[in-house]
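So the chains spell out like this:
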Amino acid sequence: MSTETPGPNITSRPSGRAARERMYRYVLLLCAAASILVTVSIVVLLARDAITFFTLVNPVDFFTGTEFLISRNVYGLLPLLSGTLLVTVISAVIALPTGVAAAVYLSEYASDQMRSVLKPGLEILAGIPTVVYGIFALVYVTPFLQTIGLPVNTFNILSASIMVGIMIIPMVSSLSEDAMSSVPDSLRQAGYGMGATKFEVTTGVVVPAAASGIFSSFILALSRAIGETMIVVVAAGSRPRMLNLSDPLANLFQGYQPMTAAMVQINSADSVSQLGFTSLFAIGLTLFVITFLLNLLSNRIAARYREEYE
Amino acid sequence: MATREPETGWHGENSDVNHLRGRAFEATCLAATAFGLVSVLLLLLFVANDAFRPFSADAGWLATYAATVLVPLAALAVYYYRLDEPAGEVAYVTSGLPVVGLLLTGGFAVLFIELLSVLEWFALLISLVVAGGLIVAHGRLRPKAALERLAVVLLAPIITVFGLPPTRFNWFVTDAAAALGLDFGLYYRVISLREAIMMLPFVPTDWVMLLLTLVLPVAGAAGWFVEQRRESRRDGLAVVGLTAAVAVLGVVAGPLLGIGTDVWLLIVTFAVLPLGVYVEGVLRRGEGVRGLAFPVAAVLGVVVGSVVTGALGFAGPDPWLDWGFLTSATSRTAADAGIYPSMVGSVMMIIVIVLTTFPVGVGAAIYLEEYAPSQGLMGKFVTLIEINIGNLAGVPSVVYGLLGLALFIRVLQWPQGSVIVAGLAVGLLILPIVIISAQEAIRSVPDSFRQASYGMGATRWQTIRQVVLPEALPGILTGTILALGRAIGETAPLLMIGAAASVRLAPNSFFDVASMMPRQIFSWSSELDPSFRHGVLAAGVITLLAVLLVMNATAIVIRNRYQRTG
């Protein structure tokens, strides 16, 4: 709060006090500026090695190459991107409708008692470590998929994506619920006044009115799915592979290696050339830029929407 | 125009289709809400089954414990839920407090066993107290010398804790002393007070030092709390006296129970003392006293159950998650594998995070909420910081790992996979979360409090320290505990900075290579042996989740208390 402190000469140690007040202010400012420092050091340090990499590997080759084989010094990002894309798409198919439906239920239908059970329950989903989700996928979901007759490999993109989807449900539902509950009640009353049923008000008034908030939660969730690491490291396999467009369904049952999993593998591999090691930073920088842009976009949309109703 | 009769209604009222559609929609939404919860619950049941293997026990064993523990506790829970809600909360807290206390005990035991000896702790604390005393004394003696005090504030802790490294300054002092005919032997470095204490020929025994430096301060804090609450100095002193008495009793009782005096002191400090204060408060208020039956019934049930199963000769289950698992190192054979060294690693990582991230995060939140201008160039900068913090919260954890690798290992050349690197990398990851939650807590302090403080002539910093922070503390604590829960489970940064896959020995310095719980669990997940994959792995997962559950429950309890009073 910007209330000015009272005049200096009230108490006994004016000069020392003013100096100290200034000192506290600057120390605290330093703390706040630390976040900028973190961002800058991420960009600078990642870029430093990524530039080394790009002087040796043509960026065009990197971003359009269809093969990623460190042992043969072939670095094409597309196989890793297709793994990431698959995880994102499948988990979005699971999480987005589920999350929005959950938000609708929590914001429009749930009694207070139901909400007091379900909301913390969903928060717990977000608090489970991702390595645990990965283990769920590998040890329990994949065998389950096999028993119900799907031809999945031990490492497959489907079970990993299912767990990523479940993991991001709370993110979609809580942000969408915020958006829905900040839709003014007058809009709902107007709907009821027109003779609409609760269902019609919910789907025809509340959800469209909260659309930008819901959309921003989608983008945030996608960014989370893109950056998710441990689930795919544990359960999605370690083979970079291009998307097979001729047989889309078969894609689901194979193992892929998303960008995050590739980073972990490169870093923990025993013998990696210097060039291979710097490719880690090129991939990391790409991942950082993608997620950063998505987060920024989501913030923009959410901010615009917030202005509309407050 | 006559208004319509209400019975005729409007066109859609009697149409079943609309209702059906609405109901179906509601049911679908409910199912969607439950989908994630139910599937994770099922998976958790599978893991728990793998970890505890309850069905490997005799049917008689299960039946006995069901009768002595499960049925009474379930009956009590239903009773509290239906008829006596305050008692339910008392039951919840009295069962939870000992668990949290034991967890803290474990954390401190790790600290004393693996990291510091009790003597080092004692010396460190005494040195810090002396440093604090110097600062206060300087403030009293020379209240106007602000710059001088800055030097004292910085130098006093450094000299008392670390001593002075070999510098020109030392030579200068030594030369000057030699010119006066004295010999301090300061050529290399000035020894710190901490080191001086550790070199003393006679030191008190461990338990005396623990009593002085840990039990009494904590008891003093509890006594102060009771004194404030009840406005009775006598009650506060009684708390301190009783705690000290029970603690001293441990000199005899600890070895008799086979837990040692030190562990007894820790248990008294972190489990018995808070539980005692809470139970006494419940009894005195007379609210929800029936809730105390719950922990009593639990303990009685376990005792009776073990007597009965022992007498009838029922064999218990053979769980993967047992005492041996918690106290031994990992191993190539599944039956011997344990999680202990990585638990120590996690505890030490948390210490690093608490010491580094927490002050910076809270400091940043204070600046953004209390100082930050909203106009001008500085205002733009502050907006940039705010947006940036929001975005940092969304940066993938693996990128933070990469940052840790690049910054701490490649630029600063710190040892790869060491506790300090892990703590700092994960600390940076949770920094935005700490800042955002602390900001929310500070924002919720009413502005009238600040105005009142300014009206009394307080400066901004005095207002923050004595009015805003105490009010916001529960909120900040809640947020921090949740963030620490997140930190314990993070794995990707640990992989990137090269935390050890499996270590046989627990780390005993912050620069040692260590493993942390999630890292250890991850390395078990790549074992193909089914007894690893379904047994050891499940036990590790349950251990990790149990720690998280306790932390989250603590945060929720703090939040609930705070919301009620605030």
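Residues numbered from 1 in each chain as written. Chains lettered and ligands numbered in written order. Predicted model: local features only at pLDDT ≥ 70, side-chain atom pairs only at ≥ 80, totals over all residues. Heavy atoms only, no water.

A few points about the overall build of chain B
Per the secondary structure count, chain B includes 21 helices and 0 strands. The principal-axis extents of the C-alpha atoms in chain B amount to approximately 105 × 85 × 60 Å. Separation of charge centres in chain B, based on 33 positive and 36 negative side chains, amounts to 7 Å. (Helix = DSSP H or I, 4+ residues; strand = E, 2+ residues; numbered from the N terminus. Lys, Arg positive; Asp, Glu negative; His and termini not counted. Charge placed at Lys NZ, Arg CZ, Asp CG, Glu CD.)

Side note on the nonpolar core
Counting residues in each nonpolar core, the largest one holds 193 residues, and the members touching the most others are Tyr133(A), Met163(A), Leu280(A), Ile283(A) and Trp524(B). Top element by residues in this core is helix H3 (residues 78-109) of chain A. It accounts for 15 residues. Residues in contact with Trp524(B), not counting those within four places in the same chain, are Phe325(B), Thr330(B), Ala337(B), Gly338(B), Ile339(B), Phe532(B), Val536(B), Leu537(B) and Gly540(B). If you look at the next biggest cluster of nonpolar residues, it comprises 27 residues, including Tyr24(A), Val362(B), Ala441(B) and Ile464(B). (Core = buried A, V, L, I, M, F, W, Y, C linked by side-chain atoms within 4.5 Å. Buried < 20%, exposed > 50% of the residue type's maximum accessible area, 1.4 Å probe, protein only. Contact = heavy atoms within 4.5 Å.)

Points about the UniProt feature "transmembrane region" (unreviewed entry) in chain A
All names here are of chain A. Mapped onto this structure's residue numbering, the UniProt feature "transmembrane region" (unreviewed entry) falls at residues 23-45, 77-104, 124-145, 157-176 and 277-297. Each end of residues 157-176 is marked by a C-alpha atom, and these two atoms are 27 Å apart; helix forms 100% of the span and strand 0%. The span residues 277-297 is 100% helix and 0% strand, and its two end C-alpha atoms sit 31 Å from each other. (UniProt positions renumbered as here; feature names shortened; annotations may be inferred.)

Things to note about the UniProt feature "domain: ABC transmembrane type-1" (unreviewed entry) in chain A
Mapped onto this structure's residue numbering, the UniProt feature "domain: ABC transmembrane type-1" (unreviewed entry) falls at residues 81-298 of chain A. Along residues 81-298 of chain A one finds 79% helix and 0% strand; the C-alpha atoms at either end are 21 Å apart.

Concerning the packing of aromatic side chains
All names here are of chain A. Inspection of the entire model under this criterion finds 25 aromatic pairs over all chains. With a centroid separation of 5.3 Å and an interplanar angle of 75°, the aromatic rings of Phe53 and Phe62 are classed as edge-to-face. Residue Phe53 is classed as buried on the basis of its relative accessible area, which comes to 0%. Owing to a relative accessible area of 0%, Phe62 belongs among the buried residues under this scheme. (Phe/Tyr/Trp six-rings, centres within 6.5 Å; stacked < 30°, edge-to-face > 60°.)

Details of the confidence of the model for chain A
Of all residues in chain A, 93% attain a pLDDT of 70 or more, and the chain-wide mean is 86. Counting interchain partners and residues more than four positions distant, the pLDDT-below-50 stretch residues 7-12 of chain A has 4 contacts. (pLDDT = per-residue confidence, 0-100.)

With respect to the interface of chain B and chain A
Each partner contributes to the interface: chain B provides 88 residues, whereas chain A provides 89 residues. Between chain B and chain A, the buried area comes to about 7,800 Å², and carbon and sulfur atoms account for 73% of it. Our count for the chain B to chain A interface comes out at 2 salt bridges. Measuring nitrogen to oxygen at the nearest pair gives 2.7 Å for the salt bridge that ties Asp49(A) to Arg410(B). Here chain B and chain A share 11 residue pairs in polar contact (both at pLDDT 80 or more) between them. A per-element tally of the side of chain B that touches chain A places helix H1 (residues 16-52) of chain B first, with 19 residues. Split by residue class, the side of chain B that touches chain A holds 58 nonpolar, 18 polar and 12 charged. (Buried area = accessible area lost by both parts, 1.4 Å probe. Salt bridge = Lys/Arg side-chain N within 4 Å of Asp/Glu carboxyl O. Polar contact = N/O pair within 3.5 Å; in protein donor to acceptor, adjacent residues only side chain to side chain. Nonpolar A, V, L, I, M, F, W, Y, C, P; charged D, E, K, R; others polar.)

Quick notes on the pattern of salt bridges
In the structure shown here, the tally under the stated rule is 15 salt bridges over all chains. A salt bridge links Arg188(A) to Asp185(A); the shortest N-O distance between them is 2.8 Å. Of this pair, Arg188(A) and Asp185(A) both sit in helix H7 (residues 185-193), 3 residues apart, which is roughly one turn of that helix. On the basis of relative accessible area, Arg188(A) is assigned to the buried category, the value being 9%. Asp185(A) sits in the partly exposed class, given a relative accessible area of 45%. As a salt-bridge pair, Glu227(B) and Arg233(B) come within 3.3 Å of each other at their nearest N and O atoms. Residue Glu227(B) is classed as partly exposed on the basis of its relative accessible area, which comes to 21%. Salt bridges here are not isolated pairs; linked through shared partners, they connect Glu108(A), Asp185(A) and Arg188(A).

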